[in-house]
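Structure assessment
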Amino acid sequence: APQVDTGRWCWLITPPDIHDESLRWYIDGSRRYPTYHALSVTGCGVVVVDAQGMLVGLAEATPPSWVASSAAAEAWALYLTLQEVAVMPTIITDCLGLLRAVEAGFSAATSPRMANARVWKLISELLDGQASQLHHALIWMPAHTSIDQCMHRQRSDLRMVTTVDWRANQLADA
């Protein structure tokens, strides 16, 4: 069946206060079977954790069919998260490309030469073209390794990866 956009996060566990500034949002996007176009499907997930490291939110989404890569699905997860919140939360991703796009700025990310320019244009419009809002909010963490390997690595904010970080990323990925 064709990929059908869910439009928003489909909450499996709804956070009690989505506007709580102390929440951390772990996002992930994936493309399954990318070499088999007829079977290929893109999806994304978010895990919301409170200040004590407790799971308070869990959601999944299916992006539009034109979101055709894992990196685009990660950007779509960022877009959906930014749509949900009134105040910029801490957003943690394992996609270094998101961090690089924010560092380069929206004019570079939305360039016609960029594969994910369409998603970045939506993000830019949501933030009134102010990429600086994401500079401190978006954090990259290493992932796709064992918990033992991750625990000795740093996130982009120079803090060490914690067990909560690793587990939340694994759940968002699932």
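Everything discussed here concerns the structure shown above.
Description of the structure in this document. (Residues numbered from 1 in each chain as written. Predicted model: local features only at pLDDT ≥ 70, side-chain atom pairs only at ≥ 80, totals over all residues. Heavy atoms only, no water.)

In this section: the side chain of Thr-93. Relative to the helices and strands, Thr-93 is located in strand E5 (residues 90–93). A residue is classified by how much of its surface remains accessible, and Thr-93, at 1% relative accessible area, is buried. At a separation of 2.8 Å, a polar atom in the side chain of Thr-93 contacts the side chain of Glu-74. In this structure, Thr-93 is in contact with Ile-27, Glu-74, Leu-98, Leu-138, Ile-139, Trp-140 and Met-141, ignoring residues within four places of it in sequence. (Helix = DSSP H or I, 4+ residues; strand = E, 2+ residues; numbered from the N terminus. Buried < 20%, exposed > 50% of the residue type's maximum accessible area, 1.4 Å probe, protein only. Polar contact = N/O pair within 3.5 Å; in protein donor to acceptor, adjacent residues only side chain to side chain. Contact = heavy atoms within 4.5 Å.)

A few words now on the state of the cysteines. As enumerated under the stated definition, the model contains zero disulfides in all. Cys-44 carries a free sulfur, and the closest cysteine sulfur to it, the one in Cys-10, is 9.6 Å from it. (Disulfide = S-S within 2.5 Å.)

The next subject is the packing of helix H1 (residues 70–84) against helix H4 (residues 117–126). Think of two packed helices as two axes; the pair is described by the angle between the axes and how far apart they sit. Between H1 and H4, the least distance of the axes is 9 Å, while the angle of their chain directions is 20 degrees. Our classification of the angle between H1 and H4 gives roughly parallel. Two packed elements cross with a definite hand, and for H1 against H4 that hand is left-handed. Contacts from Ala-72, Ala-75, Trp-76, Leu-78, Tyr-79, Leu-82 and Gln-83 of H1 reach H4 at Val-119, Trp-120, Leu-122, Ile-123 and Leu-126. A class-by-class count of the residues in the contact of H1 with H4 yields 11 nonpolar, one polar and no charged. (Axes fitted to C-alpha atoms, helices over the stretch in contact; angles between N-to-C directions. Parallel < 35°, antiparallel > 145°, perpendicular 65-115°, else oblique. Left-handed = near helix turned anticlockwise from the far one by under 90°. Nonpolar A, V, L, I, M, F, W, Y, C, P; charged D, E, K, R; others polar.)

A few words on the pairing of strand E3 (residues 41–49). Looking along a regular strand, one sees side chains alternate from face to face of the sheet. Taken across its nine residues, E3 has seven buried, putting it largely inside the fold. As judged from the nine bridges shared by strand E2 (residues 24–32) and E3, these two strands associate in the antiparallel manner. Along E3, the bridge assignment pairs Tyr-26 with Val-47. Sheet topology places E3 next to strand E4 (residues 55–61); six bridges connect them, and they run antiparallel. Residue pairing for E4: Val-48 is matched across the bridge by Gly-57. Hairpin connection, E3 to E4: the antiparallel pair is bridged by five residues, and Gly-53 has positive phi, about 85 degrees. (Pairing = 2+ DSSP bridges.)

Here we take up the sheet that holds strand E6 (residues 138–140). Taken in spatial order, the six strands make up an open sheet running E1-E4-E3-E2-E5-E6, and their pairing is mixed. The strands lining the two open edges of the sheet, one partner per strand, are strand E1 (10–13) and E6. With direction set aside, neighbouring strand axes in the sheet form an average angle of 25 degrees. Relative to E4, E1 runs antiparallel, the two sharing three bridges. Across the sheet, the residue bridging to Cys-10 is Glu-60, located in E4.

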